[in-house]
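As a plain string of letters, each chain reads:
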Amino acid sequence: MRDADMLNNIALRIEKLTPEELQLLSRWYDFFWNMMESHHAAEDDLLFRAVEERMEQPSEIIEEMEVEHNRIQFLIDEIRRLIGELKRSAGEASICRELQLNTDGLVKVFQAHIMKEEKYILEKMTAHFTVNEQRRMENRVKRKAPVRYLSFMIPWLHDSLSEEENKILDQSLPWPVRLMNHYFWKDRYARLVNPMKALLELQHSQLSKV
Ligand SMILES: [Fe+2]
């Protein structure tokens, strides 16, 4: 959600981005696109199937959530296409507008979807799975991240958690992972995401001057 919000805010001033900034956006977006695609596939293939199996019947809400995944994936693909077109067309206004509509749409569908999914899955997981099974399932879904982005997973998670949650995450990581993260992964992820954060900060400072 934080990534979709970040994207939507950057899209607000998409026509002002330099070709270099657009290139950085497209690099970061490839990461986002890959993560989302494999995350939804993991939910559809593993999580939803396991819940339905335990319930011993198909669930209408799961069907709805799968439709939402398709809608989200469609928007995510569209945005990727539009970013590509923008790079080629040197920021054409109609493409900028289309991109804004799509990122705005993505935030809205995403928000509603996540709220529904969190509530429903939590309810069903608690009712039908032991605590250990829940943890195992969570790990299986997480591990479905695309291999080339595995090293981004830990810093990406770090970025979205509170200080307290981060402490818990760190304690759960084996020491080689913590070490790799500290010396390599953190910086690689930072190189990908920091230019996006810088764009947002620039935007905030410009807005506050108005
Ligand atoms: Fe989902």
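Presented here is a report on the structure given in the accompanying data block. As the structure is a computational prediction, the values presented were derived from the model and not from experiment.

1. Quick notes on the overall build of the chain
Moving on, step 1. Of regular secondary structure, the chain possesses eight helices and zero strands.
Moving on, step 2. Counted from the first residue to the last, the chain has its helices and strands arranged as α-α-α-α-α-α-α-α.
Moving on, step 3. Against the compact-globule benchmark of 17 Å for 210 residues, the chain has a radius of gyration of 19 Å, which places it among compact chains.
Moving on, step 4. Reported as C-alpha extents along the three principal axes, the dimensions of the chain are approximately 55 × 40 × 30 Å.
Moving on, step 5. Evaluated residue by residue, the chain yields a buried proportion of 20% over its 210 residues.
Moving on, step 6. Of the contacts formed within the chain by residues at least 6 apart in sequence, a portion of 80% connects residues at least 24 apart.

2. Re the packing of helix H2 (residues 19–55) against helix H3 (residues 60–89)
Moving on, step 1. One can describe the packing of H2 onto H3 by two numbers: an axis separation of 10 Å at closest approach and a directional angle of 165°. Regarding the angle of H2 to H3, the classification is roughly antiparallel. Between H2 and H3 the crossing geometry is left-handed. Across from Leu 22, Leu 25, Ser 26, Tyr 29, Trp 33, Met 36, Glu 37, His 40, Asp 44, Phe 48, Val 51 and Glu 52 in H2, the residues of H3 making contact are Ile 62, Glu 66, His 69, Gln 73, Ile 76, Arg 80, Ile 83, Leu 86 and Lys 87.
Moving on, step 2. Within the contact of H2 with H3, the residues separate by chemical class into eleven nonpolar, four polar and six charged.

3. Topic: unusual backbone geometry
Moving on, step 1. The phi dihedral of Glu 56 is positive, around 60°, even though this residue is not glycine.
Moving on, step 2. Assignment of secondary structure puts Glu 56 in the loop between H2 and H3.
Moving on, step 3. For Glu 56, a count of 7 C-beta atoms within 10 Å translates into the label exposed.

4. Overview of helix H4 (residues 93–128)
Moving on, step 1. Along its 36 residues, H4 runs 51 Å from first to last C-alpha, staying within 8% of the 52 Å computed at 1.5 Å per residue.
Moving on, step 2. For H4, the full list of buried residues reads Ile 95, Cys 96, Leu 99, Asn 102, Thr 103, Leu 106, Phe 110 and Lys 124.

5. Here's the deal with the packing of H3 against H4
Think of two packed helices as two axes; the pair is described by the angle between the axes and how far apart they sit.
Moving on, step 1. The contact between H3 and H4 brings their axes to 9 Å, and the two run at 155°. Compared by their axis directions, H3 and H4 come out roughly antiparallel. Viewed along their axes, H3 and H4 form a crossing whose handedness is left-handed.
Moving on, step 2. Its residues assigned to classes, the contact of H3 with H4 shows 14 nonpolar, five polar and seven charged.

6. Let's talk about the nonpolar core
Moving on, step 1. Counting residues in each nonpolar core, the largest one holds 28 residues, and the members touching the most others are Ile 10, Ile 76, Ile 79, Leu 82, Leu 99, Leu 106 and Met 196.
Moving on, step 2. Among the secondary structure elements, those contributing two or more residues to this core are helix H1 (2–11), H2, H3, H4, helix H6 (150–160) and helix H8 (175–209).
Moving on, step 3. Tallying contributions element by element places H3 first for this core, with seven residues.
Moving on, step 4. Apart from the residues lying within four places of it in its own chain, the contact partners of Leu 99 are Ala 11, Ile 14, Ile 79, Leu 82 and Leu 86.
Moving on, step 5. Core analysis: the next-biggest nonpolar cluster, separate from the first, contains five residues, Leu 47, Phe 48, Val 51 and Ile 62 among them.

7. Section: the environment of Lys 116
Moving on, step 1. Along the chain, the position of Lys 116 falls in helix H4.
Moving on, step 2. According to the C-beta neighbour criterion, Lys 116 is partly exposed, with 14 such atoms within 10 Å.
Moving on, step 3. Here the alpha-carbon distance between Lys 116 and Met 65, two residues 51 residues apart in the chain, equals 8.2 Å.

What counts, and where the lines are drawn
- Residues numbered from 1 in each chain as written.
- Predicted model: local features only at pLDDT ≥ 70, side-chain atom pairs only at ≥ 80, totals over all residues.
- Helix = DSSP H or I, 4+ residues; strand = E, 2+ residues; numbered from the N terminus.
- Rg over C-alpha atoms; globule rule 2.2 N^0.38 Å.
- Buried ≥ 20, exposed ≤ 12 C-beta atoms within 10 Å, placed from the backbone.
- Contact = placed C-beta atoms within 7 Å.
- Axes fitted to C-alpha atoms, helices over the stretch in contact; angles between N-to-C directions.
- Parallel < 35°, antiparallel > 145°, perpendicular 65-115°, else oblique.
- Left-handed = near helix turned anticlockwise from the far one by under 90°.
- Nonpolar A, V, L, I, M, F, W, Y, C, P; charged D, E, K, R; others polar.
- Expected span 1.5 Å × (residues − 1).
- Core = buried A, V, L, I, M, F, W, Y, C linked by C-beta atoms within 7 Å.

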